[in-house]
Amino acid sequence: MINENYLKLSESYLFSEIARKVKAYKEAHSEADIISLGIGDVTQPLAPAVIAALHKATDEMAQSATFRGYGPERGYDFLREAIVQNDFRARGIDIEADEVFVSDGAKSDTGNFQELLSADCVVAVTDPVYPVYIDANMMAGRRIVKLPCTPENSFVPELPTEHVDVIYLCYPNNPTGTTLTKAQLKRWVDYALEHDALIFYDAAYEAYIQSEDVPHSIYEIPGAKQCAVEFHSYSKTAGFTGIRCGYTVVPKGVKSEKVKSEKSGLLKTISLNAMWNRRQSTKFNGTSYLSQRAAEAIYTPEGKAQIKATIAYYMENARLMREALTDMGFKVYGGKDAPYLWVSTSLTPDPSPVGEGNLKGEGSSWGFFDKMLHEAQVVCTPGAGFGPNGEGFVRLTAFGTHEATKEALKRIEKVL
Ligand code: PLP
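Below or above, wherever it landed, is the structure these notes cover. (Residues numbered from 1 in each chain as written. Predicted model: local features only at pLDDT ≥ 70, side-chain atom pairs only at ≥ 80, totals over all residues. Heavy atoms only, no water.)

### Re the layout of surface pockets
Short version of the rule: Method remark: on a 1 Å grid restricted to protein atoms, a set of points is classed as a cavity if a 1.4 Å probe fits but cannot get out and as a pocket if it is open with protein on both sides within 12 Å along at least five of seven lines; lining residues have an atom within 4 Å of a point. Grid points are joined across faces, edges and corners, and a volume is the space filled by probe spheres set on the points. Each helix corresponds to a stretch of at least 4 residues labelled H or I by DSSP, and each strand to a stretch of at least 2 residues labelled E; elements are numbered beginning at the N terminus. Three classes are used, and their members are as follows: Ala, Val, Leu, Ile, Met, Phe, Trp, Tyr, Cys and Pro are nonpolar, Asp, Glu, Lys and Arg are charged, and the others, Gly among them, are polar.
One number sums up the size of the largest pocket: a volume of about 580 Å³. Every residue lining the largest pocket is counted, 22 residues in all, and those nearest its centre are Asp87, Arg91, Glu206, Ala207 and Ile307. Elements with a minimum of two residues in the lining of the largest pocket: helix H3 (77-88), strand S7 (228-233) and helix H10 (301-327). Take the lining of the largest pocket: its biggest share by element is four residues, from H10. Looking at side-chain class alone, the lining of the largest pocket contains eleven nonpolar, six polar and five charged residues. In this structure, the second largest pocket occupies an estimated 470 Å³ of space.

So this is what it looks like as structure tokens:
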């Protein structure tokens, strides 16, 4: 009766397990002042341009002449045009508005898009990885191939040695905070074209890129419009974790397969764009008008400047963390083009096997998590929760306030 694939999933979602541990600690230590450098939620308020757009949209909803009910399935034209213009054409990328699907965020779309694939597709993910890609495909019963990302390969995954049908790539990466250069990403696009594979490219942290040679979109790479779907989120770009809005680009040239129509028996071509449109119009009733007006506002000159300032604020935290933790003797990765730092729990230059020569013998990432929670009242995210190659690391986020970040760093230093 039930989908038994669910029984193969790990018992709880990583962040639920962290929340459970933090709750238990708080119950036992009600006076504890806990600082979270763990879960990836933002702390800074929405940009004034976004707030103004929300007020205006709310007032429109109060008048029958301007009230809006269900919106267009792919999202309102005003937002899709702003996306095409600012996120693509301004970078010399030719994406059409009918290739853009507005969503309630990248978690739903990165989780749901696999529904368009057959159950026997083989799916490759990096290890460590954002858990949604794995869990969503496990729910559908697919085989998963893991591509290790470690300090030895500078967190750049090797091309698969067996055939895979789909590859999920997320850059700037959650959890490692590392990036791919254009040349490194080109190898993947070339692989996908040559092996008839699809790339699902998660660009949720694109707005944090500071380096010149790091691509903001996979469509900067020639050929990607034939093999890649790209997911975007306003959550970290503009603090929309509570507002909810994002979008997915499904170019019309991606994977048009010839399949036999059951009705006519004729061969017909089906593009992923048409399939995704069909899926969304069946199962999704659109992102709220308010959220879409809020998203549109981040493309105005004031909106752009305001979200840039907030990102600079978070990236200053990233810099502070990188410098302080490196000074303490930790090996730190990421944090230059991403709000995440991937920190070896070992105080030796390279992570040692669990329990060997690590920080007071507590090198495992959950051990390090417990130590930081109990002794420093700082919450981090155990790397093991992102996959086997996350063992020996924790993920820290730059989304706190400057004050809390500095205080957390002081406490970590004291505990050492
Ligand atoms: N993709 C990655 C890599 C993420 O880290 C996150 C959020 O943490 C998401 C997608 C989900 O973003 P959204 O809030 O738009 O659902």
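Back to the write-up after that little detour.
### Some points on empty space enclosed by the protein
Scanning all chains against the criterion turns up two cavities of 30 Å³ or more. Taken together, 15 residues make up the lining of the largest cavity; nearest its centre are Pro45, Thr237, Ala238, Gly239 and Thr310. Contributions of two or more residues to the lining of the largest cavity are made by helix H7 (235-238) and H10. The greatest single-element share of the lining of the largest cavity, amounting to five residues, is contributed by H10. The computed volume of the second largest cavity comes to approximately 30 Å³. Its residues assigned to classes, the lining of the second largest cavity comprises seven nonpolar, no polar and no charged.

### Description of the packing of aromatic side chains
Keep this limit in mind: In this analysis, rings of Phe, Tyr and Trp, with Trp reduced to its six-membered ring, are considered paired at centre separations within 6.5 Å, and the interplanar angle assigns stacked below 30 degrees, edge-to-face beyond 60, and tilted for intermediate values. Relative accessible area decides the class of each residue, using a 1.4 Å probe on protein chains only: under 20% of the type maximum gives buried, over 50% gives exposed, and in between gives partly exposed.
A full pass over the atoms with the stated rule returns 29 aromatic pairs. Ring centres 5.2 Å apart and planes at 15° place the aromatic pair Tyr76 and Phe78 in the stacked group. The same class applies to Tyr76 as to Phe78, namely buried. An angle of 90° between the planes, with centres 6.0 Å apart, marks the rings of Phe330 and Phe368 as edge-to-face. Note that Phe330 is positioned in the loop between H10 and strand S11 (332-334) and Phe368 in helix H11 (residues 365-376), a separation of 38 residues in sequence.

### Things to note about the pattern of salt bridges
Here is the rule: Here a salt bridge means any side-chain nitrogen of Lys or Arg lying within 4 Å of a carboxyl oxygen belonging to Asp or Glu.
Overall, the coordinates contain 17 salt bridges when judged by the stated rule. Ionic pairing is found between Glu17 and Arg20, a salt bridge with its closest N-O pair at 2.9 Å. With a gap of three residues between them, Glu17 and Arg20 both fall in helix H1 (residues 14-28), about one helical turn apart. Judged by relative accessible area, which is 21%, Glu17 ranks as partly exposed. Here the salt bridges share partners, and the residues they tie into one network are Asp33, Glu407 and Arg411.

### A few points about the site of the ligand
Keep this limit in mind: Think of it this way: one heavy atom of a residue within 4 Å of a molecule or strand is enough to make that residue near it. Side-chain atoms alone can form a polar contact between residues adjacent in sequence; in general such a contact is a pair of N or O atoms within 3.5 Å, and within protein one must be able to donate a hydrogen while the other accepts it. Accessible surface is estimated by sampling points in the Shrake-Rupley manner with a 1.4 Å probe; for residues, cover comes only from the protein chains shown. The way we define it, a molecule is inside a pocket or cavity when more than half of its atoms are within 2 Å of that pocket's grid points.
In the vicinity of the ligand, 14 residues are found, and the nearest of them are Asn174, Asp202, Tyr205, Ser233 and Ser235. One of the side-chain N or O atoms of Asp202 is found 2.6 Å from a nitrogen atom in the ligand. Burial of the ligand by the protein chains amounts to 90% of its free accessible area of 390 Å². Taken atom by atom, the bulk of the ligand overlaps the second largest pocket. Of all the secondary structure elements, the ones that give two or more residues to the shell around the ligand are helix H4 (106-112) and H7. A class-by-class count of the residues in the shell around the ligand yields six nonpolar, four polar and four charged.

### Let's talk about the packing of H1 against H11
How we decide: Angular values range over 0 to 180 degrees, each being the angle between N-to-C directions of two axes fitted as lines to C-alpha atoms, with helices fitted over their stretch in contact. Take the far helix as your reference; a near helix turned counterclockwise from it by less than a right angle gives a left-handed crossing, and one turned clockwise gives a right-handed crossing. Contacts between residues were defined by any pair of non-hydrogen atoms, one from each residue, lying within 4.5 Å.
Axis separation between H1 and H11 bottoms out at 11 Å; the angle between their running directions is 35°. As for how H1 packs across H11, the hand of that crossing is right-handed. Along the contact surface, H1 presents Leu14, Glu17, Ile18, Lys21, Val22 and Tyr25, while H11 presents Trp366, Phe369, Asp370, Leu373 and His374. Tallied by class, the residues present in the contact of H1 with H11 amount to seven nonpolar, one polar and three charged.

### Digging into the sheet that holds strand S12 (residues 340-344)
Defined as follows: Note: two strands are recorded as paired if DSSP finds a minimum of 2 bridges between them.
The sheet built from four strands is open, its strands ordered S11-S12-S15-S14 with antiparallel pairing. Lying at the two open borders of the sheet, with one neighbouring strand each, are S11 and strand S14 (381-382). Relative to S12, S11 runs antiparallel, the two being bridged by three bridges. Residue Tyr333 lies in a different strand from S12, and its bridge partner there is Trp342. Where H10 meets the sheet, it contacts S11, S12 and strand S15 (393-397), and its direction lies at approximately 155° from that of S11.

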